[in-house]
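Observations on chain architecture
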Amino acid sequence: MGKTITLAPNAEVVVTPNDTLSSKSLKVGDKFKISTVFDVMQEGYVLIPRGTPGEASVSYRTGKGAFGKSAKLEVTFNSLKLGDRVIPLNGTYRSEGQGNAGAAVGAVVAVGVFGAFVTGHSATLTNGQQLRAHTADSVSFTIPAGTAPVQAAALAPAAPVAKVENAAAVAVAN
């Protein structure tokens with residue numbers, strides 16, 4: 001029989017979208033794939049390995065608008081799929097495109113009402129971008145008997161530092 005380790009609720013899980021996403025093509029309710037960026041470890045054991053797949057959904061979205069208004073995109077983290085288990089997640093992430101208000105003001109001054117045609121930028125989430133989610137509930141894992149914990153890396157020794165015996169003599173020599 002193995003050892004049981006329980007991951008507490010609200011444990012941090014860093015995820016990334018599997019594809020680059022844009023407010024241009026997404027709408028509220030759309031689901032998309034995510035993956036864990038780092039191993040989730042406790043007591044030296046990897047409980048949720050890096051690369052574990054999951055799902056998130058679009059919970060809020062605005063398009064870019066006139067006068068340099070940027071788009072907004074909010075996503076909600078739903079769950080991870082680890083083998084045959086579904087691990088519920090909590091958390092949201094909000095992204096805003098860069099505004100273009102300066103260009104809109106310049107266009108209004110230069111050509112009047114045509115400044116309304118200057119829009120902001122779309123909100124995007126990129127593959128590799130690190131987003132923080134959290135476990136919704138406690139999750140128990142059984143570690144098979146005989147499995148050794150992962151050894152932590154040792155710090156490299158500090159590099160030697162040059163010692164100056166007589167700073168005045170060094171300054172004179174230069």
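Preceding this paragraph is the structure being described.
Parameters at a glance
- Residues numbered from 1 in each chain as written.
- Predicted model: local features only at pLDDT ≥ 70, side-chain atom pairs only at ≥ 80, totals over all residues.
- Heavy atoms only, no water.
- Helix = DSSP H or I, 4+ residues; strand = E, 2+ residues; numbered from the N terminus.
- Buried < 20%, exposed > 50% of the residue type's maximum accessible area, 1.4 Å probe, protein only.
- Contact = heavy atoms within 4.5 Å.
- Pairing = 2+ DSSP bridges.
- Polar contact = N/O pair within 3.5 Å; in protein donor to acceptor, adjacent residues only side chain to side chain.
- Core = buried A, V, L, I, M, F, W, Y, C linked by side-chain atoms within 4.5 Å.

1. Re the overall build of the protein
From N to C terminus, the protein includes two helices and 13 strands. Classification of the 174 residues of the protein by burial places 33% in the buried group. Partitioning the contacts of the protein with sequence separation of at least 6, the portion at a separation of at least 24 is 66%.

2. A word on the pairing of strand S9 (residues 85–90)
The pairing of strand S8 (residues 72–82) with S9 spans four bridges and is classified as antiparallel. In the sheet register, Lys81 faces S9, and the bridge partner there is Val86. Here S8 folds back onto S9 in antiparallel fashion, the turn holding two residues, of which Gly83 has a positive phi close to 65 degrees. Sheet analysis places S9 next to strand S12 (residues 131–135), joined by two bridges and oriented antiparallel. The partner of Leu89 across the bridge, within S12, is Thr135.

3. A look at the environment of Leu7
If you trace the backbone, Leu7 turns up in strand S1 (residues 3–7). Judged by relative accessible area, which is 3%, Leu7 ranks as buried. For the pair Leu7 and Asp137, spaced 130 residues apart in sequence, the C-alpha to C-alpha distance is 8.5 Å.

4. Some thoughts on the side chain of Ser35
Summarising the element assignment, Ser35 is placed in strand S4 (residues 31–36). Of note is the side chain of Ser35, whose polar atom sits 2.8 Å from the side chain of Asn18. The residues touching Ser35, leaving out its near neighbours within four places in the chain, are Val14, Val15, Thr16, Asn18, Gly51, Thr52 and Pro53.

5. Observations concerning the nonpolar core
In this structure, Ile48, Phe77 and Phe141 are the most contacted members of the largest nonpolar core, which totals 30 residues. When residues in this core are grouped by element, the largest group, five residues, is from S8. Setting aside residues up to four positions removed in sequence, Phe141 forms contacts with Lys3, Thr4, Ile5, Leu7, Leu47, Ile48, Leu82, Arg85 and Ile87.

6. Side note on the environment of Ala133
Of note, Ala133 is situated in strand S12. Looking at Ala133, the relative accessible area reads 0%, which means it is buried. For Ala133 and Thr36, which are 97 residues apart along the polypeptide, the C-alpha to C-alpha distance reads 9.7 Å. Setting aside anything within four residues of it in sequence, one finds Ala133 in contact with Ala11, Glu12, Val13, Phe77, Leu89 and Asn90.

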